[in-house]
Amino acid sequence: MRITGTGHASMLIETAAGTILCDPWVNPAYFASWFPFPDNSQLDWDALGNCDYLYVSHLHRDHFDEKNLRERISKDTTVLLPEYPTTELEDELRAVGFTKFIKTTSGEVTELDNGVKVMIQALTSPTDGPIGDSSLWVEDADGIRLLNQNDARPTDLAAFKKLGHIHAHLLQFSGAIWYPMVYELPDAAKTAFGKQKRERQFDRSLRYIDDGAASHVFPIAGPPCFLDDDLWQFNDIHGDPGNIFPDQQVYADYLSDNGHDNNVILLPGTVADVTAEGCQVRQPVDDVRGFFDNKEQHLRDYRERQQPVLEAAKRSWEHPEIDVFSEVKRRFEPLMAEAEFISAGINGPVRFDLTSAKSGEVVESVLFDFVSREVRRYDGEKCRYRFSTQRRLVEHLIFTDEVDWVNSLFLSCRFSAARIGQYNEFVYTFFKCLSEERINYAEGWYAEQRPDEENINLQGWVVQRRCPHLKADLSRFGKIEDGVLTCQMHGWKWNLNTGKCLTSVGHGIRAEKDPDA
């Protein structure tokens, strides 16, 4: 099996059944904030796009690149479609011209031609990507197996491992979030929280690597880079120990320090031939470490090439003809009316301050009241959750009828946030579900959740086996220190003496001291 790196989470997999192109992201995403790192725009995308199969893992725009899919990927290709609870991914792929689909069943093997098999595992909670994320397993005719986990966070890898030894495991290791950089916190606090976030990312990836026990590990799906001057400080080139966007070389060194020397860095153009005996790698540069040592110059040159793209994007954001308050009220109040579980979870007002792009001053403040379920103008009320962003960005969200402000505005990092108290996942679930289809799916998902009655013994405690957050198996992902349980899947924490979640509102855990310990 041959794997050719094409940037970020994208790769071309060559099998006996033909080629599979995965997540071909090239163009900037999230209000032109994220760019692929390293630059992959100079690859021959017309040749890459002449593939036999296409796999788009989910609708995050650093995986679903509408422009590249529309213009450069052959419409003769067959799409390997994950089984999601909504049809949004299929609808968007059809909208850019694809007509041939193999609709897979989550967790079931599908046979392609010439003895090649694939399996796609779809994750479908409201917090998995934009209503869904997935991983792709491929077995070639000669028995070589690949797992492209990309961004997905399965509760375990048993479904893949039972199909045979994994030879190539590709997975995310770097940040894909806005926390803690955008929060209005002292610099020292941001650094401390960033270090914790960075460590959790590494720990989680290492846990998956240990579980997968693959012959070779490929760090992928990050980091993005930030070429706009307003966001330049987010690149991991400034010696900040709290930066959550470490690059591939940093993570490869971490793996080596932890006893994993079987890692392969995929640059755009890297070719890796994976066999049962080993992995032969051809890199597009003579010195991979030297490339990363010269990362800042690469980014500066990249920024200069992309300036016209950035400037054109910014010109497209302004829509002064839009009455933001009236449009938000008209669109959001019907959704708030349907959001029984989400509104109860937020249980208060959320404030958006809209600022001038020129002066930075607040020109309008909109309040989303999840108690009365109405949108009104802010009038000095106390708010536990507050966001601030340029008015023109919200104008653009309205103009494009964006149904997911989380995976557009928030991932852009072009905002600031403040909160009183804990993180509240319901806030972000609502702003991810700005369509009737999405809000009803999320409400149904929350309605179906039931307390987990199975207990486990863990380090002197009896606790429920499944994490109250997203049902990870705490016998595998749970760690207890000083009476605090951490689920290493997402870093959520509980005080076991009280059962209270220390990370977010709600989500209490059932726990008691083990009398036999």
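Above this text is the structure in question.
The residue numbering used here restarts from 1 in each chain and proceeds along that chain's sequence as written. Totals for whole chains, interfaces and linings use all residues, but because this is a predicted model, local features are given only for residues with pLDDT of at least 70 and pairs of side-chain atoms are given and counted only at 80 or more. Note that the side-chain values use all heavy atoms of the structure and ignore hydrogens as well as water.

Q: Just to check I follow, could you spell out the sheet that holds strand S27 (residues 500-501) for this structure?
A: In a beta sheet, neighbouring strands are held together by backbone hydrogen bonds and run either parallel or antiparallel to one another. Strands sit in the order S24-S25-S26-S27 across an open sheet of four strands; the sheet is antiparallel. One side of each edge strand has no neighbouring strand; the edge strands of this open sheet are strand S24 (478-481) and S27. Strand direction decides the pairing type here: strand S25 (residues 484-487) and strand S26 (residues 492-495), joined by four bridges, are antiparallel. The partner of Cys487 across the bridge, within S26, is Trp492. Should DSSP find at least two bridges between two strands, the strands are taken to pair. Per the convention used, a helix needs a DSSP run of H or I reaching at least four residues, while a strand needs a run of E reaching at least two, with both numbered from the N terminus.

Q: What is the right way to look at the packing of helix H5 (residues 187-212) against helix H6 (residues 248-257) in this model?
A: Between two packed helices, the angle of one axis relative to the other and the distance separating the axes together describe the packing. Closest axis-to-axis distance for the H5/H6 pair is 11 Å, and the angle between their directions is 60°. Accordingly, the angle class assigned to the pair H5 and H6 is oblique. For the pair H5 and H6, the crossing hand works out as right-handed. Contacts between H5 and H6 involve Arg198, Phe202, Asp203, Ser205, Leu206 and Ile209 from the first element and Val250, Tyr251, Tyr254 and Leu255 from the second. Class assignment of the residues belonging to the contact of H5 with H6 gives a composition of seven nonpolar, one polar and two charged. Note on geometry: axes are C-alpha line fits, over the in-contact stretch for helices, and angles between N-to-C directions span 0 to 180 degrees. Angle categories: roughly parallel below 35 degrees, roughly antiparallel above 145, roughly perpendicular from 65 to 115, and oblique for all the rest. We call a crossing left-handed when the near helix sits turned anticlockwise from the far one by less than a right angle, and right-handed when that turn is clockwise. Any two residues whose heavy atoms approach within 4.5 Å at even a single point are treated as in contact. Classification convention: Asp, Glu, Lys, Arg as charged; Ala, Val, Leu, Ile, Met, Phe, Trp, Tyr, Cys, Pro as nonpolar; all other residues, Gly among them, as polar.

Q: Mind showing me how you'd approach the side chain of Arg392 here?
A: The topology assignment puts Arg392 in helix H11 (residues 391-399). Arg392 sits in the buried class, given a relative accessible area of 16%. Counted as a polar contact is a pair of N or O atoms within 3.5 Å, where, for protein atoms, one must be capable of donating a hydrogen and the other of accepting one, and residues adjacent in sequence contribute only when both atoms are in side chains. Of note is the side chain of Arg392, whose polar atom sits 2.6 Å from the side chain of Gln390. Apart from residues lying up to four places away in sequence, Arg392 is in contact with Lys314, Trp317, Glu318 and Ala357. In this scheme, a residue with accessible area under 20% of its type's maximum is buried, one over 50% is exposed, and one in between is partly exposed, where area comes from a 1.4 Å probe on protein chains only.

Q: Please explain the pairing of strand S6 (residues 78-81) as it appears in this structure.
A: The two faces of the sheet receive side chains in turn, since in a regular strand these alternate between them. Side-chain alternation along S6 places Thr78 and Leu80 on one buried face and Val79 and Leu81 on a second face that is also buried. In terms of strand pairing, strand S5 (residues 53-55) meets S6 through two bridges, oriented parallel. Bridged to Tyr53 within S6 is Thr78. Crossovers are described as right-handed under a simple rule: with the strands pointing away from the observer, the path leading from the first strand over the helix to the second runs clockwise. With helix H2 (residues 66-72) bridging S5 and the parallel S6, this β-α-β connection has right-handed handedness. Summarising the sheet, S6 and strand S7 (residues 100-103) pair through four bridges and their orientation is parallel. Residue Leu81 lies in a different strand from S7, and its bridge partner there is Lys103. Each parallel crossover has a hand, and for S6 linked through helix H3 (residues 88-95) to S7 it is right-handed.

Q: Teacher, can you tell me more about the nonpolar core here?
A: The tendency in soluble globular proteins is for nonpolar side chains to be buried side by side. Of all hydrophobic cores here, the largest spans 76 residues; its most connected members are Phe368, Phe430 and Phe431. Sequence-distant contacts of Phe368, that is, excluding residues within four places in its chain, are made with Val328, Phe332, Met336, Gly348, Pro349, Val350, Phe352, Glu374, Val375 and Phe431. If you look at the next biggest cluster of nonpolar residues, it comprises 34 residues, including Phe160, Leu171, Tyr251 and Ile480. Only buried residues count toward a nonpolar core. Its members are Ala, Val, Leu, Ile, Met, Phe, Trp, Tyr and Cys residues joined through side-chain atoms within 4.5 Å.

Q: What exactly am I supposed to notice about the pairing of strand S23 (residues 461-464) here?
A: With four bridges connecting them, strand S22 (residues 455-458) and S23 associate as antiparallel partners. Bridge assignment links Leu458 to a residue of S23, and that residue is Trp461. Between the antiparallel neighbours S22 and S23 lie two residues, among them Gln459 with a positive phi of about 50°. Bridge count for S23 against strand S28 (residues 511-513) is three bridges, and the pairing is antiparallel. By the bridge assignment, Val462 is partnered in S28 with Glu512.

Q: Explanation requested: the pattern of salt bridges in the structure shown.
A: Two side chains with opposite charge may pair up if their charged atoms get near one another. By salt bridge we mean one thing: a side-chain nitrogen of Lys or Arg within 4 Å of a carboxyl oxygen of Asp or Glu. Within the structure shown, the criterion is met by 34 salt bridges. A salt bridge links Glu90 to Lys103; its shortest N-O distance comes to 3.3 Å. Of this pair, Glu90 sits in helix H3 while Lys103 is found in strand S7, placing the two residues 13 residues apart along the sequence. On the basis of relative accessible area, Glu90 is assigned to the buried category, the value being 12%. Taking the relative accessible area as the measure of exposure, Lys103 reaches 54% and is therefore exposed. Between Arg376 and Asp369 there is a salt bridge, and its shortest N-O distance comes to 2.9 Å. Given the relative accessible area of 24%, Arg376 is considered partly exposed. The buried category is assigned to Asp369, whose relative accessible area is 9%.

Treat this as a map of the structure, not an account of what it does.
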